[in-house]
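Chain residues, written in single-letter form:
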Amino acid sequence: MKNIILLGPPGAGKGTQADLICDLFKIPKISTGDMLREAVASGSELGLEVSNILDSGRLVSDDIIGSLIKDRLTKPDCINGSLFDGVPRTIGQAEQLAKMNIDFTHVIEIHVEDQIIVDRMSGRRVHPKSGRNYHIDFNPPDKEGVDNETGDPLIQREDDKPETVLKRLHVYHEQTKPLTDFYINLSNAGNLKFFTIDGSKSVESVFQQISIQL
Ligand code: AP5
């Protein structure tokens, strides 16, 4: 059973590595970013509430995230473990997860310098339905502008504008980075395995570094 958390700044490659890890272990990806974007696309009440927050690069409330996760964990596909992509993102969320009786086995922090991230984000393209990520130079789709599996058109995310990326990085350093020490402490207490990976290498090399630790 693997319950894995992926930590790291926006654009570190969490979503990209999450897809590879989930394929390897046949576990579902729980991405709050994907869930929130789906809510926005569907025009649901939640979507209307969070749309501006996503576009501005701020975080949605811990209460909303807590109830999304609680609901997601009731689905049968989580029975053999899950991969948490981009959640938790605050100490408050980590404390909520700790109360949900999830037996976390690994926390992976993907480290990438801010300047590399700003450069990466401008080239990102996304398949909105699945959350599959591409990069026009570093991880291009087989055919330009379309998703490899479905052939649907790829889009550029609204929050990938340079000024919003800078805001997201600021929010990351202020609210999410403290989770490193939170999970190192749990790792030192023998509750799970924490490790940091250099995310500036190629997609394949980052995946190889991760796989040997899992
Ligand atoms: P979310 O969708 O989770 O965004 P994020 O964490 O900011 O991360 P990204 O999806 O931007 O990047 P990533 O690390 O997954 O990198 P990727 O693999 O795509 O959240 C969006 C928003 O939702 C938040 O701002 C917030 O408002 C809200 N939200 C979500 N969860 C929340 C929570 N828990 N609490 C509160 N609010 C929440 O890669 C990026 C690009 O780089 C791609 O183009 C990719 O192809 C490329 N790439 C990947 N790896 C490499 C590599 N090794 N070398 C070169 N290029 C690479």
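Preceding this paragraph is the structure being described.
Residues numbered from 1 in each chain as written. Predicted model: local features only at pLDDT ≥ 70, side-chain atom pairs only at ≥ 80, totals over all residues. Heavy atoms only, no water.

Caption draft 1: View of the nonpolar core. Within the largest apolar cluster, 26 residues are counted, with the highest numbers of intra-cluster contacts made by L36, V60, I69, F84 and Y183. Residue assignment for this core shows that the elements contributing at least two residues are β1 (2-7), α2 (32-42), α3 (45-56), α4 (62-72), α5 (91-98) and α8 (179-188). Sort the elements by how many residues they give to this core and α4 lands first, with four residues. Each residue touching V60, except ones within four places of it in the same chain, is listed here: L36, V50, I53, L54, I65 and Q93. In this structure, I21, C22, L83 and M121 belong to the second largest nonpolar core, which totals 20 residues. (Core = buried A, V, L, I, M, F, W, Y, C linked by side-chain atoms within 4.5 Å. Buried < 20%, exposed > 50% of the residue type's maximum accessible area, 1.4 Å probe, protein only. Helix = DSSP H or I, 4+ residues; strand = E, 2+ residues; numbered from the N terminus. Contact = heavy atoms within 4.5 Å.)

Caption draft 2: Summary view of the pattern of salt bridges. Under the criterion given, the structure shown has 13 salt bridges. D34 is the partner of K29 in a salt bridge, and the nearest nitrogen-oxygen pair spans 3.5 Å. For K201, the salt bridge is made with D198, and the minimal N-O distance between the two is 2.8 Å. Overlapping salt bridges bring together R124, R157, D159, D160 and R168 as one network. (Salt bridge = Lys/Arg side-chain N within 4 Å of Asp/Glu carboxyl O.)

Caption draft 3: How the structure looks around the packing of α5 against α8. Remark: α5 packs on α8, axes separated minimally by 10 Å, with the N-to-C direction vectors making an angle of 35°. When the axes of α5 and α8 are compared, the crossing they make is right-handed. Taking contact as the criterion, the partners of I91, A94 and E95 in α5 are, on α8, L179, F182 and Y183. For the contact of α5 with α8, the class distribution of residues is five nonpolar, no polar and one charged. (Axes fitted to C-alpha atoms, helices over the stretch in contact; angles between N-to-C directions. Left-handed = near helix turned anticlockwise from the far one by under 90°. Nonpolar A, V, L, I, M, F, W, Y, C, P; charged D, E, K, R; others polar.)

Caption draft 4: Just the site of the ligand, in detail. Near the ligand you find 36 residues, and of these T16, R58, R89, R124 and R168 are the closest. In the model, an oxygen atom of the ligand is placed 3.2 Å from a nitrogen or oxygen of the A12 main chain. Contacts to the ligand include Y134, whose backbone N or O atom sits 2.6 Å from an oxygen atom. For the shell around the ligand, the secondary structure elements donating two or more residues are α1 (14-25), α2, α6 (114-121) and β6 (132-135). (Near = heavy atom within 4 Å. Polar contact = N/O pair within 3.5 Å; in protein donor to acceptor, adjacent residues only side chain to side chain.)

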